[in-house]
Amino acid sequence: PARERGVSEATHASWSSRLLKRIPWERGWPDRRPPVRQGGAGRAVIDAIEIKARGANSVEGALELMPETLFPWFEIPWQQDPRGMIAALSEMESGAKIRTGGTTADAHPDPLSLARFMVACQHADVPFKATAGLHHPLRGEFRLTYEAGSPDGTMFGFLNVFLARELEAEMRFEQDQQRDGLGP
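Residues numbered from 1 in each chain as written. Predicted model: local features only at pLDDT ≥ 70, side-chain atom pairs only at ≥ 80, totals over all residues. Heavy atoms only, no water.

Novice: Help me understand the sheet that holds strand E2 (residues 71-75), please; the structure alone is not making it clear to me.
Specialist: Read from one edge to the other, the open sheet built from 4 strands follows the order E1-E2-E3-E4, with strand pairing classed as parallel. Only two strands of the sheet have a single neighbouring strand rather than two, namely strand E1 (48-52) and strand E4 (128-131). The average undirected angle you get between the axes of adjacent strands in this sheet is 30°. Relative to E4, strand E3 (residues 95-99) runs parallel, the two being bridged by 4 bridges. Directly across from Ala-96, in E4, lies its bridge partner Phe-128. (Pairing = 2+ DSSP bridges. Helix = DSSP H or I, 4+ residues; strand = E, 2+ residues; numbered from the N terminus. Axes fitted to C-alpha atoms, helices over the stretch in contact; angles between N-to-C directions.)

As structure tokens, then:
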């Protein structure tokens, strides 16, 4: 497959190994989460919470009210520029969440909005997660619900989102290396 596209095995292996080395959990993002409290045999432990962010002030207000044992994920609206709210999250122990789907076509962000969100998180060093509409590995047209006669819509694939995030991180890594005089 790589050879058929004119990519040498050495180049493919180098790119693949660099990609696999840069998976977020190897860079310490889970370390930002508070430790899981051991509740006892058979007990459920809640260590995270998701909150819709309406603005930077709502984020700060929510953080003041919640216990430190919870790691908050703030859902950022993709319909507006996310950089301000994501920058506010970078000062706090929290993560950003984007909803990438829903039961109507207008609930799905366009690729530029999703990319803008992911780049803002990368630049602010804020962990993120994407939820909804990622049930398929590759981007394509799928039914929006499991109901008979449901309308179709374009959904992101979970592999597309993962690879886009990793490619952006790799490009930023290379830019940082060049800036610091460590790369070509």
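Don't stop here, the text continues.
Novice: Hey, could you run me through the nonpolar core in this one?
Specialist: What tends to happen in soluble globular proteins is that the nonpolar side chains get buried as a cluster. In terms of nonpolar packing, the biggest core is built from 25 residues, with Phe-74, Ile-76, Ile-86, Leu-89, Ala-96 and Phe-117 touching the most fellow members. Of all the elements in the fold, those that place two or more residues in this core are helix H2 (56-65), helix H3 (83-90), E3 and helix H4 (111-124). With 5 residues, H4 is the single largest residue contributor to this core. (Core = buried A, V, L, I, M, F, W, Y, C linked by side-chain atoms within 4.5 Å. Buried < 20%, exposed > 50% of the residue type's maximum accessible area, 1.4 Å probe, protein only.)

Novice: Which parts of the structure should I look at to understand the pattern of salt bridges?
Specialist: Any two side chains of opposite charge can pair, on the condition that their charged atoms come close. Inspection of every chain in the model, using the stated rule, returns 6 salt bridges. Note that Arg-99 is salt-bridged to Glu-75, the shortest N-O span being 3.3 Å. Remark: Glu-75 occurs in strand E2 and Arg-99 occurs in strand E3; sequence separation between them is 24 residues. The exposure class of Arg-99 is partly exposed, given its relative accessible area of 32%. Arg-165 serves as the salt-bridge partner of Glu-166, at 3.4 Å between the closest nitrogen and oxygen. Across this residue pair, the class does not change: Glu-166 and Arg-165 are buried. Salt bridges here are not isolated pairs; linked through shared partners, they connect Glu-50, Glu-75, Lys-97, Arg-99 and Lys-129. (Salt bridge = Lys/Arg side-chain N within 4 Å of Asp/Glu carboxyl O.)

Novice: For this particular structure, what's the right way to read the side chain of Thr-145?
Specialist: With respect to the helices and strands, Thr-145 occurs in the loop between strand E5 (140-143) and strand E6 (152-155). You can call Thr-145 buried: its relative accessible area is 19%. Setting aside anything within four residues of it in sequence, one finds Thr-145 in contact with Thr-103 and Ser-150. (Contact = heavy atoms within 4.5 Å.)

Novice: Sorry if this is basic, but what is going on with the packing of aromatic side chains here?
Specialist: For any pair of aromatic rings, the description consists of the separation of the ring centres together with the inter-plane angle of the planes. Scanning the entire structure with this criterion turns up 2 aromatic pairs. Ring geometry for Phe-71 and Trp-73: centres 5.2 Å apart, planes at 70°, overall edge-to-face. Note on Phe-71: relative accessible area 1%, which makes it buried. With 5.6 Å between their ring centres and 85° between their planes, Phe-117 and Phe-128 make a pair best called edge-to-face. Placement of the pair is Phe-117 in helix H4 and Phe-128 in strand E4, with a sequence separation of 11 residues. By relative accessible area, which is 16% here, Phe-128 ends up buried. Taking the ring centre of Phe-156 as reference, the NZ or CZ of Arg-139 above it sits at 5.1 Å. (Phe/Tyr/Trp six-rings, centres within 6.5 Å; stacked < 30°, edge-to-face > 60°. Lys NZ or Arg CZ within 6 Å of the ring centre and 35° of its normal.)

Novice: It is not clear to me how H3 should be interpreted in this structure. Could you clarify?
Specialist: Because an α-helix packs 3.6 residues into every turn, residues spaced three or four apart end up facing the same way. Among the residues of H3, Met-85, Ile-86, Ala-88 and Leu-89 are the ones counted as buried. Seen from one end, H3 has its buried residues packed into an arc of 155°, which puts them on one side. The outward face of H3, more than 90 degrees from its buried face, is lined by the exposed residues Arg-83 and Gly-84. Residues of H3 that are buried sit in contact with H2, E2, E3 and H4. (Arc of directions from axis to C-beta.)

Read these as geometric descriptors, not functional statements.
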